[in-house]
Amino acid sequence: MEKTVSVSSFGPGGLDLTSAFFKPILNSDPPIPSNRCTKISIVGVGNVGMAIAQTILTQDLADEIALVDAKPDKLRGEMLDLQHAAAFLPRTKFSASVDYDVTAGSDLCIVTAGARQNPGESRLNLLQRNVALFRHIIPPLAKSSPDSILLIVSNPVDVLTYVAWKLSGFPVNRVIGSGTNLDSSRFRFLIADHLDVNAQDVQAFIVGEHGDSSVALWSSISVGGIPVLSFLDKQQIAYEKQTLEDIHQTVVGSAYEVIKLKGYTSWAIGYSVANLARTILRDQRKIHPVTVLARGFYGVEGGDVFLSLPALLGRNGVVSVSNVNMTDEEAEKLQKSAKTILEMQSQLGL
């Protein structure tokens, strides 16, 4: 499949009709070339990839979006479908190709492509198939856009972010995983729903693995600036730890429930990734729980393990990791989560 781009010309000869439709202002200078174009590339045009593309598009986060996928017909169809909505959306240039050259000059490369688990297939075998897939994705992305930031969404996101870091040769600040950004959003929603407040007024983090060994940081949760657990203690309001654990387990099981009901997740991860893209590309210096190199933080040792921690993000990727308060119990759970991920990494041979 040849590279396809949005064009402003018609006819077999590519006749440019711009001069016929518009007249230049007299004595005006020619247009000044601009280097401020923001380009985002998305690898994988499945349900998740297209939800991300649609959300980025409607939020006007990019001047150009490049789509890459191994299925040329699906790829062209998705691009055309978005182009046909141009009259209702911010002006954005689209390109699509099976060739990674289309991603050249990207500011942000988002990877959603991944193999699906076959019936009866082990988690390790699925991971090894995804690593093999990443060997064909990450090196050409890094070559085409050596100054870009890699944002990994494919699962298992923590291990695959480590794989992307290894294969790209990028500095650690420019390789990020979507991690528990969405888990934390689900967590905030559940707490807000219990208290009947807006989720934006809830500060709460899920950290560690994006998976079963994730850790809910109850000790640092605040609502409207009020530390929740210390407030309950001071007011001598009783609560059961099991209630807290049940909320966390609801978060862990949220994606499984959505998949059971509709077959896949898409919209929430689309908004989550667009939220990360906005913070990074507009240098907003916001704190997000995302997958980063965790060695040396909160007692995590034993190797180069990637997992989710509250990280300050900006135009150059990860600026720093937040020194959020953790109890000894929470830190121990985080370290245990790190060991779970390290065990998977150790079997990859990278």
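Remember, predicted model here, so these are calculated numbers, not experimental data. Along each chain, the written sequence defines residue order, and numbers are assigned to residues from 1. In keeping with the predicted nature of the model, local features appear solely for residues at pLDDT of at least 70, side-chain atom pairs appear and are counted solely at 80 or more, and the whole-chain, interface and lining totals rest on all residues. With hydrogens and water set aside, each side-chain value is computed from the structure's full complement of heavy atoms.

Q: Describe helix H2 (residues 47-58), with residues and values.
A: Per the convention used, a helix needs a DSSP run of H or I reaching at least four residues, while a strand needs a run of E reaching at least two, with both numbered from the N terminus. A helix is expected to span 1.5 Å multiplied by its residue count minus one. Look at H2: 17 Å from first C-alpha to last across 12 residues, which is about the 16 Å you get at 1.5 Å a residue. Between buried and exposed lies partly exposed: a residue is buried under 20% and exposed over 50% of the maximum accessible area for its type, with that area taken using a 1.4 Å probe on protein chains only. Listed in full, the buried residues belonging to H2 are Gly-49, Met-50, Ala-51, Ile-52, Ala-53, Thr-55, Ile-56 and Leu-57. The contact criterion used throughout is that any non-hydrogen atoms of two residues lie within 4.5 Å. Considering only its buried residues, H2 is in contact with strand S4 (39-43), strand S5 (64-68), helix H3 (72-83), strand S6 (93-97), strand S7 (108-111) and helix H9 (267-281). Directly after H2, the chain includes Asp-60, whose backbone phi takes a positive value near 55°.

Q: Before we move on, can you summarise the sheet that holds strand S14 (residues 226-227) with the specific residues and values?
A: For two strands to be treated as a pair, DSSP must find at least two bridges joining them. Pairing in this open sheet of three strands is antiparallel, and the strands run S10-S13-S14 from one edge to the other. Each edge of the open sheet is held by one strand with a lone partner, namely strand S10 (202-203) and S14.

Q: Kindly report on the UniProt feature "active site" (unreviewed entry) in the chain, identifying the contributing residues and their values.
A: In the numbering used here, UniProt assigns the "active site" (unreviewed entry) feature to His-210. Positionally, His-210 belongs in the loop between strand S11 (206-207) and strand S12 (215-216). Residue classification places His-210 among the partly exposed positions, given a relative accessible area of 24%. Setting aside residues no more than four positions away along its own chain, His-210 makes contact with Asn-155, Val-157, Asp-158, Gly-179, Thr-180 and Asp-183. Pairs of N or O atoms are called polar contacts if they sit within 3.5 Å, as long as, within protein, a hydrogen donor faces a hydrogen acceptor (for residues adjacent in sequence, only side-chain-to-side-chain pairs). Of note is the side chain of His-210, whose polar atom sits 3.4 Å from the backbone oxygen of Gly-179. UniProt positions are given in the numbering used here, feature names are shortened, and annotations may be inferred rather than shown by experiment.

Q: Quick one: what's the story with the nonpolar core, residue by residue and with numbers?
A: Core analysis: the biggest nonpolar cluster contains 84 residues, and Ile-56, Leu-67 and Ile-110 have the highest contact counts within it. When we break this core down by domain, the ones giving at least three residues each are domain 1 (36-177) and domain 2 (180-347). The contact partners of Leu-67, leaving out residues within four places of it in the chain, are Ile-42, Val-45, Met-50, Ala-53, Leu-75, Met-79, Ser-95, Ala-96, Ser-97 and Val-102. Grouped together as the second largest cluster of nonpolar side chains are 16 residues, Ala-216, Trp-218, Leu-229 and Val-251 included. To qualify as a nonpolar core, a set must consist of buried Ala, Val, Leu, Ile, Met, Phe, Trp, Tyr and Cys residues joined through side-chain atoms within 4.5 Å. By convention here, the domain bounds are inherited from an automatic or database domain assignment.

Q: Describe the pairing of S5, and please don't skip the residues or the numbers.
A: Across the five residues that make up S5, a large majority, five, are buried. Side-chain alternation along S5 places Glu-64, Ala-66 and Val-68 on one buried face and Ile-65 and Leu-67 on a second face that is also buried. Across five bridges, S4 lies against S5 in parallel orientation. By the bridge assignment, Ser-41 is partnered in S5 with Ala-66. Alignment of S5 against S6, held across five bridges, turns out to be parallel. Paired with Ile-65 across the strands is Phe-94, a residue of S6.

Q: Go over the pairing of strand S17 (residues 317-321) with me, naming the residues and quoting the values.
A: Inspection of the sheet shows strand S16 (residues 306-314) paired to S17 by four bridges, in the antiparallel sense. The residue of S17 that forms the bridge with Gly-314 is Gly-317. Hairpin geometry of S16 and S17 is characterised by an intervening segment of two residues between the two adjacent antiparallel strands.

Q: So what about the environment of Gln-54? Which residues, and what values?
A: Inspection of the secondary structure assignment puts Gln-54 in helix H2. Judged by its relative accessible area of 28%, Gln-54 falls in the partly exposed class. Each C-alpha atom, one on Gln-54 and one on Gly-270, is 7.9 Å from the other, the two residues being 216 residues apart in sequence.

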